[in-house]
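Here are the chains, one letter per residue:
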Amino acid sequence: MPRQLLAVVIEPSSALAQTVAEVLGQRGFETLTASTHAGGARQVEQVARVDFLAAAVPAPGEGHAGAYLEEARRKNASMKVVVMLSDPDEPVDDAPRGAVRIIKPFSRDELMAAVDRAMETTGV
């Protein structure tokens with residue numbers, strides 16, 4: 001029996017986090033949500049593999065340090081990433097290669113397109 005794909009959604013807005021989780025669920029992912037990067041990191045401490053990360057950058061009250069679940073990236077070299085930005089000029093130089101950027105506010109269709117683009121990437 002194949003393993004269920006796992007996605008982590010880091011977004012302080014519970015309504016937006018739920019929408020992102022629904023879109024990822026439609027793509028076959030089980031999802032965990034957290035309002036902060038630190039909370040997301042705690043949720044996946046015992047998880048063997050994270051396949052997809054959708055993360056608000058920066059999360060309120062958090063800087064860029066650890067923003068991309070560094071440990072999860074080390075354990076999951078092929079993890080796909082969507083970075084959700086409130087400011088289009090926000091630097092994301094430390095984002096993984098292949099991360100897809102999306103600027104808030106975005107439509108559900110734009111989100112689905114960003115998830116699809118991230119799923120197509122091969123480099124991390």
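Computed from a predicted structure; not experimentally measured.

Student: Please give an account of the sheet that holds strand S2 (residues 29-34) that cites residues and values.
Tutor: Taking strand neighbours across the sheet as the criterion, the 5 strands line up as S2-S1-S3-S4-S5 in an open arrangement whose pairing is parallel. This sheet does not close on itself; its edge strands, each paired only once, are S2 and strand S5 (100-103). Across this sheet, the average inter-strand angle for adjacent strands is 20°, counted without regard to direction. When strand S3 (residues 52-57) meets strand S4 (residues 80-85), the two strands line up parallel, connected through 6 bridges. Residue alanine 54 lies in a different strand from S4, and its bridge partner there is valine 82. In the packing of helix H1 (residues 14-26) onto the sheet, contacts are made with strand S1 (5-10), S2, S3 and S4, and the angle to S2 comes to roughly 165°. The strands that helix H4 (residues 108-120) touches are S2, S3, S4 and S5; relative to S5, the one it contacts most, it runs at about 170°.

Student: Talk me through H4; I want residue IDs and the actual numbers.
Tutor: Taking 1.5 Å per residue, 13 residues should reach 18 Å; H4 reaches 19 Å between its end C-alpha atoms and fits that length. Taken as a whole, H4 has its buried residues at Leu111, Met112, Ala114, Val115 and Ala118. Each buried residue of H4 lies within a common arc of 160° when the element is viewed along its axis, so the set occupies one face. Opposite its buried face, H4 presents the exposed residues Asp109 and Glu120, each directed more than 90 degrees away. On the buried face of H4, the contacting elements are H1, S3, S4 and S5.

Thresholds, definitions, all that
Residues numbered from 1 in each chain as written. Predicted model: local features only at pLDDT ≥ 70, side-chain atom pairs only at ≥ 80, totals over all residues. Heavy atoms only, no water. Pairing = 2+ DSSP bridges. Helix = DSSP H or I, 4+ residues; strand = E, 2+ residues; numbered from the N terminus. Axes fitted to C-alpha atoms, helices over the stretch in contact; angles between N-to-C directions. Contact = heavy atoms within 4.5 Å. Expected span 1.5 Å × (residues − 1). Buried < 20%, exposed > 50% of the residue type's maximum accessible area, 1.4 Å probe, protein only. Arc of directions from axis to C-beta.

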